[in-house]
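# Examination of the molecular architecture
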Amino acid sequence: MPAPARLKSLIAPLRAAMAEFSQEGVRAALGDIMSDRAVVRLPHPLGDMSGADLYARAYAPLFLAMPDLERRDLIVVAGNDSDGGQWVGCLGHYMGTFAAPLHDIPPSGHLAHIRFHEFYRIEGDKIAEMQAIWDLPELMMQAGAWPMVPSLGRELCVPAPMTQDGLSDHDPQNSRASHDLVIDMLTHLSRHPSEGGPEIMQAERFWHPRVNWYGPAGIGTTRGIAGFRHWHQIPFLNALPDRSGGTSGTLKSHFFSDGAYVAVTGWPNMQMTVTGDGWLGIAPAGQKISMKSLDFWRVENGLIRENWVLVDLLDVYAQLGVDVFARLREFNKARVQGRIPYPVGAA
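This structure is a prediction, so every number in the text was calculated from the model and none was measured. (Residues numbered from 1 in each chain as written. Predicted model: local features only at pLDDT ≥ 70, side-chain atom pairs only at ≥ 80, totals over all residues. Heavy atoms only, no water.)

### Section: the overall build of the protein chain
- The helix and strand inventory of the protein chain stands at 9 helices and 15 strands.
- Since a compact globule built from 347 residues should have a radius of gyration of about 20 Å, the 20 Å found for the protein chain is in line with a globular shape.
- With respect to the three principal axes, the spread of C-alpha positions in the protein chain is 65 × 50 × 35 Å.
- The buried share of the protein chain, reckoned over its 347 residues, is 54%.
- In the protein chain, the share of contacts with a sequence separation of at least 24, taken over all contacts with a separation of at least 6, comes to 66%.
- Within the structure as shown, the protein chain displays about 14600 Å² of accessible surface, and the carbon and sulfur contribution to it stands at 53%.
- If the 30 positive side-chain charges of the protein chain are averaged to one point and the 37 negative ones to another, these points end up 2 Å apart. (Helix = DSSP H or I, 4+ residues; strand = E, 2+ residues; numbered from the N terminus. Rg over C-alpha atoms; globule rule 2.2 N^0.38 Å. Buried < 20%, exposed > 50% of the residue type's maximum accessible area, 1.4 Å probe, protein only. Contact = heavy atoms within 4.5 Å. Areas by Shrake-Rupley, 256 points an atom, 1.4 Å probe, with all protein chains shown as cover. Lys, Arg positive; Asp, Glu negative; His and termini not counted. Charge placed at Lys NZ, Arg CZ, Asp CG, Glu CD.)

### As for the layout of surface pockets
- Of the volumes computed, that of the largest pocket is approximately 660 Å³.
- Leu186, Leu189, Met270, Asp295 and Trp297 are the residues nearest the centre of the largest pocket, which is lined by 30 residues in total.
- Elements supplying a minimum of two residues to the lining of the largest pocket: helix 5 (175-189), strand 7 (207-214), helix 7 (224-239), strand 9 (244-245), strand 10 (253-258), strand 14 (293-300) and strand 15 (303-311).
- Within the lining of the largest pocket, the residues separate by chemical class into 17 nonpolar, 11 polar and 2 charged.
- Contributing elements (two or more residues each) for the lining of the second largest pocket: helix 1 (3-19), strand 3 (70-80), helix 5 and strand 10. (1 Å grid on protein atoms, 1.4 Å probe; cavity = no way out; pocket = protein on both sides within 12 Å on 5 of 7 lines; lining within 4 Å. Points joined across faces, edges and corners; volume = space filled by probe spheres on them. Nonpolar A, V, L, I, M, F, W, Y, C, P; charged D, E, K, R; others polar.)

### Brief notes about the pattern of salt bridges
- Evaluated as defined, the whole model comprises 19 salt bridges.
- Here aspartate 258 makes a salt bridge to lysine 8, at a shortest N to O gap of 3.0 Å. Taken together, the residues span a long stretch of sequence, with aspartate 258 in strand 10 and lysine 8 in helix 1 at a distance of 250 residues. (Salt bridge = Lys/Arg side-chain N within 4 Å of Asp/Glu carboxyl O.)

### Comments concerning unusual backbone geometry
- Following histidine 44, the chain continues into proline 45 via a peptide bond in cis, with omega recorded as 10°.
- Within the secondary structure, proline 45 is located in the loop between strand 1 (34-41) and strand 2 (48-50).
- With an omega of 0°, the peptide bond running from tyrosine 342 to proline 343 counts as cis.
- With respect to the helices and strands, proline 343 occurs in the segment after helix 9 (324-331).
- Within the chain, aspartate 104 stands out as a residue other than glycine whose phi angle is a positive 70°.
- Structurally, the position occupied by aspartate 104 is in the loop between strand 4 (86-97) and strand 5 (111-123).
- Even without being a glycine, leucine 280 presents a positive backbone phi close to 60°.
- When you line up the elements, leucine 280 lands in the loop between strand 12 (270-274) and strand 13 (287-291).

In short, the description is geometric, and any link to function would need to be established separately.
In structure tokens form, the structure reads like this:
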């Protein structure tokens, strides 16, 4: 079995157990594949934990909030990073009826979705490390409870790849070319503004003119190079002109490719100083922050056609001294608290 397929097969039972979520099934699947000593890194406010604590601290509250919880994977890719580390990257949605509060987010009683980007590092056929972002701001927006600034891009339940091959086996002959294109793009991206104006990034050389950039809730999705620049890149670069990423200093990013797909994880994998205005309504306080961004790219005919990006925005706000959850509680004091009877509408 080719190496990427074998790695994907190791986590297939866990994905299957979560597709029809039950406490017994998911706990058993986690016990089979994840080392109790695994390092698990989840977004704010969940934080770091061990593999032994993952179900109780992360999945049990999610299952309580969505009693008909299901996992829907849209992309599953695998490969080795530059150090030989073995990774599996998954992108999809947790979906279910939002019937009880989750981290003080009030329930809507309706179908809800939380996008996830989850990366698993495999050692000895076990998960030794997990790095993941769950887009909790997306759930806040669906509940009408997002207490921060509106997104410049559009908010939606982001789709599967246009090619509908996110769960397929991929041609390994394409992997190196896909990887090199993304690395070249990021190298040119980092040259602005220190080495020149926007033209130095050579966007048209790397990005399809109709690229879809699926950003996190709070930033939103953009369409085309112009949409990407106006609704994400310009505000981001104006506010954070000294950003650095990849593998530099204390940062460590893990890139791997699988056919037309390239993925990267790091915890964190960017650092910058908030020196300008206009991004997320954050004041330019001159404060240094780090950022966790877990990304997937799909390459088509030598250009990036789709890019799925999740950033732990709640952690960014926390570093700047803004407690999003405290604001959420203040905004929603007048709402009825607690669990909605489930099934919703049952007598």
